[in-house]
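Structural characterization, general
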There are 2 protein chains.
Amino acid sequence: MSVYQATASAPVNIACIKYWGKRDTKLILPTNSSLSVTLHQDHLRSTTTSRADPSFESDRLWLNGKEEDIKAGGRMATCIAEMKRLRKEEVEDKQPNEPKLSSYHVHIASFNNFPTAAGLASSASGFAALVSSLAQLYKLPVSPSTLSLIARQGSGSACRSLYGGFVAWEQGTRADGLDSLAVEVAPQSHWPEMHALICVVSDDKKGTSSTSGMQRTVETSTLLQHRIAHVVPKRMAAISAAIKARDFDAFAQITMADSNQFHAVALDTEPPIFYMNDVSRAIIALIVEYNRVSVEKGHGRKAAYTYDAGPNAVIYTLKENVKEIIELIVRYFPQAVGSFKDVFGLFGGVDVAQTGGKLVEGFNEAVAKKFEVGAVKGLIHTKVGDGPRALGAEESLLNASGQPKTLAA
Amino acid sequence: MSVYQATASAPVNIACIKYWGKRDTKLILPTNSSLSVTLHQDHLRSTTTSRADPSFESDRLWLNGKEEDIKAGGRMATCIAEMKRLRKEEVEDKQPNEPKLSSYHVHIASFNNFPTAAGLASSASGFAALVSSLAQLYKLPVSPSTLSLIARQGSGSACRSLYGGFVAWEQGTRADGLDSLAVEVAPQSHWPEMHALICVVSDDKKGTSSTSGMQRTVETSTLLQHRIAHVVPKRMAAISAAIKARDFDAFAQITMADSNQFHAVALDTEPPIFYMNDVSRAIIALIVEYNRVSVEKGHGRKAAYTYDAGPNAVIYTLKENVKEIIELIVRYFPQAVGSFKDVFGLFGGVDVAQTGGKLVEGFNEAVAKKFEVGAVKGLIHTKVGDGPRALGAEESLLNASGQPKTLAA
């Protein structure tokens, strides 16, 4: 008897033009287009195995080894149902000899290789991996853009994780959402020097979930509609052009402005929403000063911060600048020994916690105070990466009986 | 020989609809109208003595006992010159027997009864007191609105300190600024139950000055113009109506929304401007929760926070609620013993630092953590107050020879 199973991995993406607001909360249709950089799966990824079997009694899902409830009508159930529908329409109805996998229940196991405590949203990579593994299992002859329509219904920003490189989520105008999908602006290979440094920031405050927060902004902000109608469309065009021209200065200017504006409309909400804290603000001050020095020297901006719905900073920069940016961050935010994984070998075996942290010439040290160890509790260095990957059977997360394997977290 | 001298005091005002942006930086003409509550001079005031004497060799000014340079063409020089011009046109030219005080130099001494360290802007009360003392010295037959045209050229928000109660600064449309002045929306006596609690917040970060900050917002924010054209005009009308109807719930809703939006456009600036810190955010969380409980009980909002260009909170509330708000703040922000002056006798001689701080029933304690002593380094309780006062000769800040008296700070 055949085993119908597939394993796929999918990347995290971090937006430069932010998604904030839905025009349809069920279909997850956004109030504005957005654009992101796909991060490298060697460092951050979700891996998902899906199996269809006539003996399974229900659809079941395990996330990091723990079974999750698949609520009827919920986002997970919607994605699975949509994938079964595609299997039936695109494969089984057209090729009657294909097995009727759409009628079988599925068991799904998913695993994130980054700790939840890192504060990185796993819903984007998670839903992208789910949809990718089911597409592989079901042998669907469809494009990543078509799959992005389904991932979008799991978690809006998940649609952007269906491509590598630089990805736009076009808001679309149709009520059924069929034109609200991801498109590739440029592949990973177009600008492989694009690196990212994630600063994981400690927070002792419970944040507002992005799902409820964005709807409160839609309902109460008197600035959001202006952003949607007049600001984002220009920025989408401008940043796409900057990416195509590999113009980092322009990319950085737009990325930082849009991060600021997302947090501005969150603050313009009733009651106001704050995701950044004093540590986030201090990192901004460092990057602003770092860029000021660079611009003064005639080099343009060399770094771009961006913040999602939490206090963590993601700093985009080109490969050649990463080392000095890590030095800068470590000087103000001392790291615990052994906490930083130097996956690109920038420090030749020396732990960054023991470097002291250098400043570039001309940097005004007074722009921020030095924080205690733990204020920035981790740094993750990565770069632009590829889209979802089909993995071999040896990477399966399900055992022979269709239960999740035991994995070290 | 006659001594030509006058002493006046003027109040601090704290805006509910914020002034942020100039359309003319020399005349200090704003991009939008604003509205404030005048605070009581029994607690916070600037006092100024002006003397004109033919023996004085130049215009001189002492602020808190220290001589300040009156720069030619600067704001101080402009205000003094404008007042001399009014003296000449409105008094000396019309009544030739009046002494030609406009041709004499002046000595001016000014004193603030609140420490600079409190982080309260003294420029508004300071320029209002300067203009008021000169108007008295010069016996000018003009209205506070006319004087506000001159105080405005010293510091924009100073124009609102020319009236007590609830005061609008109408932005005006004329290029010469003659219609950009303060008008009384309602006097102090209309709503004397309006109280204010100032939470003085510690900050280890140098802030952006409001003068340079607001111009950066004008130049770089893509949201500010929408605020100016479409949001503020509606809010000015709505809050004026709320004040006239003594509708605290509406007053609070608009005040908090406009504080949030001012900080939102500051954040939408390049590079972004942050005035609130984690302590400011925690105070907001407390007031949001306090109001949530009150609204749930059917009482509407009972408190309104507002933040100017710094981390200090000003909390407006009605007299009947001040005690429980102080208890709430003290619970999360312990006060040093002896630091709070209970000028209204709310605590019957017990130091608030030793009360422990009570919570209202139903308050969710988890909305903020408890901070260390010093995070909020002082609380000042005051209420809506009157406009500038003419003081007697016994309050003079100048001695017989026209030099500043020595005063304890």
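Residues numbered from 1 in each chain as written. Chains lettered and ligands numbered in written order. Predicted model: local features only at pLDDT ≥ 70, side-chain atom pairs only at ≥ 80, totals over all residues. Heavy atoms only, no water.

**Considering the nonpolar core**
- By size, the foremost hydrophobic cluster in this structure holds 178 residues, and its most contacted members are I283 of chain A together with I283 of chain B.
- The contacts of I283 of chain A, once residues within four sequence positions are left out, are C199, V201, Y307, A313, I315, I329, F333 and V376 of chain A.
- If you look at the next biggest cluster of nonpolar residues, it comprises 31 residues, including A77, Y138, L147 and L162 of chain A. (Core = buried A, V, L, I, M, F, W, Y, C linked by side-chain atoms within 4.5 Å. Buried < 20%, exposed > 50% of the residue type's maximum accessible area, 1.4 Å probe, protein only. Contact = heavy atoms within 4.5 Å.)

**Focus: the pairing of strand β6 (residues 45-53) of chain B**
All names here are of chain B.
- A large share of β6 lies buried, amounting to eight of its nine residues.
- In this structure, strand β1 (residues 4-11) lies alongside β6, joined through eight bridges in antiparallel fashion. Among the inter-strand pairings, A6 is bridged to a residue of β6, identified as S50.
- Pairing geometry for β6 and strand β9 (residues 105-112), over eight bridges, is antiparallel. Its bridge partner lying in β9, A52 is registered against V106. (Helix = DSSP H or I, 4+ residues; strand = E, 2+ residues; numbered from the N terminus. Pairing = 2+ DSSP bridges.)

**Structural notes on the side chain of R235 of chain A**
- Its place among the elements puts R235 of chain A in helix α5 (residues 224-244).
- Its relative accessible area of 12% is what places R235 of chain A among the buried residues.
- When residues no more than four places from it in sequence are discounted, the contact partners of R235 of chain A are I17, R227, I254, A257, D258 and Q261 of chain A together with T222 of chain B.

**Describing the domain arrangement of chain A**
Residue and element names in this part refer to chain A.
- Under the domain assignment used here, chain A contains domain 1 (4-191 + 391-395) and domain 2 (194-383).
- Relative placement of domain 1 and domain 2: their C-alpha centres are 27 Å apart.
- The interface of domain 1 with domain 2 comprises 32 residues on the first partner and 48 residues on the second.
- Taken together, both faces of the contact between domain 1 and domain 2 bury some 3,400 Å²; the carbon and sulfur share is 70%. (Domains from an automatic or database assignment. Buried area = accessible area lost by both parts, 1.4 Å probe.)

**Points about the relation of the copies chain A and chain B**
- At an RMSD of 0.0 Å, chain A and chain B line up after a rotation of 180° and a shift of 0.0 Å along the axis. Both copies are brought into coincidence by an operation consistent with a two-fold rotation axis. Using C-alpha coordinates, one finds that chain A approaches the rotation axis most closely at A264 of chain A, a distance of 2.1 Å.
- A share of 100% of the interface residues of chain A reappears at the interface of chain B, consistent with the copies meeting face to face through the same patch. (Least-squares fit on C-alpha atoms with pLDDT ≥ 70 in both.)

**Points about the side chain of T78 of chain B**
- Its location among the elements puts T78 of chain B in helix α1 (residues 75-92).
- Residues contacting T78 of chain B, with those up to four places away along its chain left out, are K26, G73 and Q153 of chain B.

**Here's the deal with the packing of helix α5 (residues 224-244) of chain B against helix α6 (residues 248-267) of chain B**
Residues and elements named next belong to chain B.
- For the pair α5 and α6, interaxial distance at closest approach is 9 Å and the crossing angle is 160°. Viewed along their axes, α5 and α6 adopt a mutual orientation that is roughly antiparallel. As for how α5 packs across α6, the hand of that crossing is left-handed. Where α5 approaches α6, its residues L224, R227, V231, R235, A238, I239, A242 and I243 are matched on the opposing element by A250, F251, I254, T255, A257, D258, Q261 and V265.
- Here the residues of the contact of α5 with α6 are counted per class, giving eleven nonpolar, two polar and three charged. (Axes fitted to C-alpha atoms, helices over the stretch in contact; angles between N-to-C directions. Parallel < 35°, antiparallel > 145°, perpendicular 65-115°, else oblique. Left-handed = near helix turned anticlockwise from the far one by under 90°. Nonpolar A, V, L, I, M, F, W, Y, C, P; charged D, E, K, R; others polar.)

**Brief notes about the packing of helix α6 (residues 248-267) of chain A against α6 of chain B**
- Look at α6 of chain A against α6 of chain B: their axes get within 8 Å of each other, and the N-to-C directions meet at 180°. If you check the angle between α6 of chain A and α6 of chain B, you find them roughly antiparallel. Counted together, N260, H263, A264 and L267 of chain A of α6 of chain A and N260, H263, A264 and L267 of chain B of α6 of chain B form the full contact between these two elements.

**Comments concerning the interface of chain A and chain B**
- Every contact between the two is made by 33 residues of chain A and, on the other side, 33 residues of chain B.
- For the chain A and chain B pair, buried surface summed over both sides reaches about 2,600 Å², with 57% attributable to carbon and sulfur atoms.
- Run the count over chain A and chain B and you get 13 residue pairs in polar contact (both at pLDDT 80 or more).
- Only α5, α6 and α7 (278-296) of chain A provide two or more residues apiece to the side of chain A that touches chain B.
- Counting residues per element, the side of chain A that touches chain B draws most heavily on α6 of chain A, which supplies eight residues.
- In terms of residue class, the side of chain A that touches chain B is built from 14 nonpolar, eight polar and eleven charged. (Polar contact = N/O pair within 3.5 Å; in protein donor to acceptor, adjacent residues only side chain to side chain.)

**Description of the sheet that holds strand β6 (residues 45-53) of chain A**
Residue and element names in this part refer to chain A.
- The sheet built from six strands is open, its strands ordered β8-β7-β9-β6-β1-β16 with mixed pairing. Each edge of the sheet is formed by a strand with only one pairing partner; in this case those strands are β8 (66-68) and β16 (389-391). Each neighbouring strand pair of the sheet contributes to a mean axis angle of 25°, computed without reference to strand direction.
- Each of β1 (4-11), β6, β7 (60-63), β9 (105-112) and β16 touches helix α2 (residues 123-137); the most contacted strand, β1, lies at about 145° to it.

**Let's talk about the pattern of salt bridges**
- Within this structure, the stated rule accounts for 46 salt bridges over all chains.
- Salt-bridge contacts for R174 of chain A lead to D176 of chain A; the nearest nitrogen and oxygen are separated by 2.5 Å.
- Exposure remark for R174 of chain A: the relative accessible area of 41% places this residue in the partly exposed category.
- Note that D42 of chain B and R389 of chain B form a salt bridge whose closest N and O atoms lie 3.5 Å from each other. A residue pair is termed long-range when its members are at least 10 positions apart, and D42 of chain B in the loop between β5 (34-38) and β6 and R389 of chain B in strand β16 (residues 389-391) qualify at 347 residues.
- Judged by relative accessible area, R389 of chain B falls into the partly exposed class, the value being 26%.
- Through salt bridges that share partners, D42, D386 and R389 of chain A make up one connected network. (Salt bridge = Lys/Arg side-chain N within 4 Å of Asp/Glu carboxyl O.)

**What to know about the packing of aromatic side chains**
- The final tally for this structure, using the stated rule, is 26 aromatic pairs over all chains.
- A centroid spacing of 4.7 Å and a plane angle of 50° characterise the contact between W20 of chain B and F262 of chain B, whose relative ring orientation is tilted. Here W20 of chain B is found in the loop between β2 (13-17) and β3 (22-24), whereas its partner F262 of chain B is found in helix α6, with 242 residues between them in sequence. Each of the two residues, W20 of chain B as well as F262 of chain B, counts as buried.
- In this structure an aromatic cluster arises from ring pairing among F166, W191, F248, F251 and Y316 of chain A.
- In this structure, K369 of chain B is placed above the aromatic ring of F371 of chain B, and the distance from its NZ or CZ to the ring centre is 4.8 Å. (Phe/Tyr/Trp six-rings, centres within 6.5 Å; stacked < 30°, edge-to-face > 60°. Lys NZ or Arg CZ within 6 Å of the ring centre and 35° of its normal.)

**Considering the sheet that holds strand β8 (residues 66-68) of chain B**
Residues and elements named next belong to chain B.
- Strand order across the open sheet formed by six strands is β8-β7-β9-β6-β1-β16, with mixed pairing between neighbours. The sheet is open, and its two edges are formed by β8 and β16, each paired on a single side. Averaged over all pairs of adjacent strands, the angle between strand axes in this sheet comes to 25°, irrespective of strand direction.
- Packed onto the sheet, helix α2 (residues 123-137) meets β1, β6, β7 (60-63), β9 and β16 and runs at close to 145° relative to β1.

**Side note on unusual backbone geometry**
- Cis rather than trans, the peptide bond between E270 of chain A and P271 of chain A has omega equal to -15°.
- Turning to its location among the elements, P271 of chain A is positioned in the loop between α6 and α7.
- At K139 of chain B, a position not held by glycine, the phi torsion is positive, near 50°.

**With respect to the pairing of strand β14 (residues 313-318) of chain A**
Residue and element names in this part refer to chain A.
- Summarising burial for β14: six of the six residues are buried, a large majority.
- What you see with β14 is no split at all: A313, I315 and T317 on one side and V314, Y316 and L318 on the other are buried throughout.
- Note that strand β12 (residues 194-201) and β14 share six bridges and pair antiparallel. By the bridge assignment, A196 is partnered in β14 with Y316.
- Hairpin connection between strand β13 (residues 303-307) and β14: a loop of five residues separates the two successive antiparallel strands.

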